[in-house]
Amino acid sequence: MSLFAKKVTVFGPETVSVGDFDPTVDGCYRNVVTIPLDVKPRRNLYVSLKSDNPVDIVVANDDRSAAGHKENQTELVFGPFPTKSMDSMGIILGIYRGEKAQVTLEAWIDKRWNSS
């Protein structure tokens, strides 16, 4: 990262619980957690994940397409994902029903963006 590139945190660091028992939802488990992100256009998005149990992670664009995904991750720095002209993106965490994980997430953008 260059001297003048600024890291701007858009989420976290925060611990998110995935796989909690919840009889009010279909399947009785919150095994999918979605996190909306407010980003700025023409930046790069990065996501850092640390989990006590393997989880699947998806970084989603505002048109609901996947910018990237990884399966069975316990520690990961994911990115860069260009925000292009988007103002919002998202993170989706998933785990198998009946399993549980405590996930510490942080997401940030920096000012550098390469359009190629």
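Everything in this summary refers to the structure shown in the same document. (Residues numbered from 1 in each chain as written. Predicted model: local features only at pLDDT ≥ 70, side-chain atom pairs only at ≥ 80, totals over all residues. Heavy atoms only, no water.)

**Digging into the side chain of Ser-48**
Then, in step 1: As for its placement among the helices and strands, Ser-48 is situated in strand E5 (residues 44-60).
Then, in step 2: Excluding residues within four positions of it along the chain, Ser-48 makes contact with Leu-76, Val-77, Thr-104, Leu-105, Glu-106 and Trp-108. (Helix = DSSP H or I, 4+ residues; strand = E, 2+ residues; numbered from the N terminus. Contact = heavy atoms within 4.5 Å.)

**Quick notes on the pattern of salt bridges**
Then, in step 1: Within the structure shown, the criterion is met by two salt bridges.
Then, in step 2: The partner of Asp-20 in a salt bridge is Lys-100, and the shortest N-O contact between them spans 3.1 Å. Taken together, the positions of Asp-20 in strand E2 (residues 20-21) and Lys-100 in the loop between strand E7 (88-94) and strand E8 (101-110) put the pair 80 residues apart, joining distant regions of the chain.
Then, in step 3: Assessed through its relative accessible area of 47%, Lys-100 is described here as partly exposed.
Then, in step 4: Between Asp-22 and Arg-30 there is a salt bridge, with the nearest N and O atoms lying 2.7 Å from each other.
Then, in step 5: Overall, Arg-30 belongs to the partly exposed group, its relative accessible area being 43%. (Salt bridge = Lys/Arg side-chain N within 4 Å of Asp/Glu carboxyl O. Buried < 20%, exposed > 50% of the residue type's maximum accessible area, 1.4 Å probe, protein only.)

**Considering the environment of Val-16**
Then, in step 1: Within the secondary structure layout, Val-16 lies in strand E1 (residues 8-18).
Then, in step 2: Residue classification places Val-16 among the buried residues on the basis of a relative accessible area of 11%.
Then, in step 3: For the pair Val-16 and Ser-51, spaced 35 residues apart in the sequence, the C-alpha separation amounts to 9.4 Å.
Then, in step 4: In this structure Val-16 touches Phe-11, Val-33, Ile-35, Ala-101, Gln-102 and Val-103, once residues within four positions along its chain are discounted.

**Section: the packing of aromatic side chains**
Then, in step 1: All chains considered together, the criterion is met by three aromatic pairs.
Then, in step 2: When the ring of Phe-78 is compared with that of Phe-81, the centres are 4.9 Å apart and the planes differ by 85 degrees; the resulting orientation is edge-to-face. Like Phe-78, the residue Phe-81 is buried in the burial classification.
Then, in step 3: One residue, Lys-7, lies across the ring of Trp-108, its end atom 4.3 Å from the ring centre. (Phe/Tyr/Trp six-rings, centres within 6.5 Å; stacked < 30°, edge-to-face > 60°. Lys NZ or Arg CZ within 6 Å of the ring centre and 35° of its normal.)

**Some thoughts on a negative patch on the surface**
Then, in step 1: A cluster of acidic residues, Asp-38, Asp-62, Asp-63 and Asp-87, forms a negative patch on the protein surface.
Then, in step 2: Structurally, Asp-38 is set in strand E4 (residues 32-38).
Then, in step 3: Judged by relative accessible area, Asp-38 falls into the exposed class, the value being 64%. (Patch = residues over 30% accessible without salt bridge, like charges linked within 9 Å, V, L, I, M, F, W, Y side chains within 5 Å. Areas by Shrake-Rupley, 256 points an atom, 1.4 Å probe, with all protein chains shown as cover. Lys, Arg positive; Asp, Glu negative; His and termini not counted. Charge placed at Lys NZ, Arg CZ, Asp CG, Glu CD.)

**What to know about the nonpolar core**
Then, in step 1: Core analysis: the largest hydrophobic core is formed by 26 residues, its most contacted members being Ile-35, Leu-45, Ile-91, Leu-93 and Leu-105.
Then, in step 2: Of all the elements in the fold, those that place two or more residues in this core are E1, E4, E5, strand E6 (66-82), E7 and E8.
Then, in step 3: Top contributing element to this core by residue count: E5, with six residues. (Core = buried A, V, L, I, M, F, W, Y, C linked by side-chain atoms within 4.5 Å.)

**Comments concerning the pairing of E6**
Then, in step 1: Direction of pairing for E5 relative to E6: antiparallel, over a ladder of eleven bridges. Across the sheet, Val-47 pairs through a bridge with Phe-78, a residue of E6.
Then, in step 2: What sits between E5 and E6 in their antiparallel hairpin is a turn of five residues, with Arg-64 showing a positive phi close to 70 degrees. (Pairing = 2+ DSSP bridges.)

**Regarding unusual backbone geometry**
Then, in step 1: Here the bond from Gly-12 into Pro-13 is cis, since omega is 0 degrees, no more than 30 degrees from zero.
Then, in step 2: As for its placement among the helices and strands, Pro-13 is situated in strand E1.
Then, in step 3: Cis geometry marks the peptide bond from Gly-79 to Pro-80, where omega comes out at 5 degrees.
Then, in step 4: Mapped onto the fold, Pro-80 is located in strand E6.
Then, in step 5: Even without being glycine, Arg-64 reaches a positive phi, approximately 70 degrees.
Then, in step 6: By the secondary structure assignment, Arg-64 is in the loop between E5 and E6.
Then, in step 7: The phi angle at Lys-84 is positive, at roughly 50 degrees, despite the residue not being glycine.

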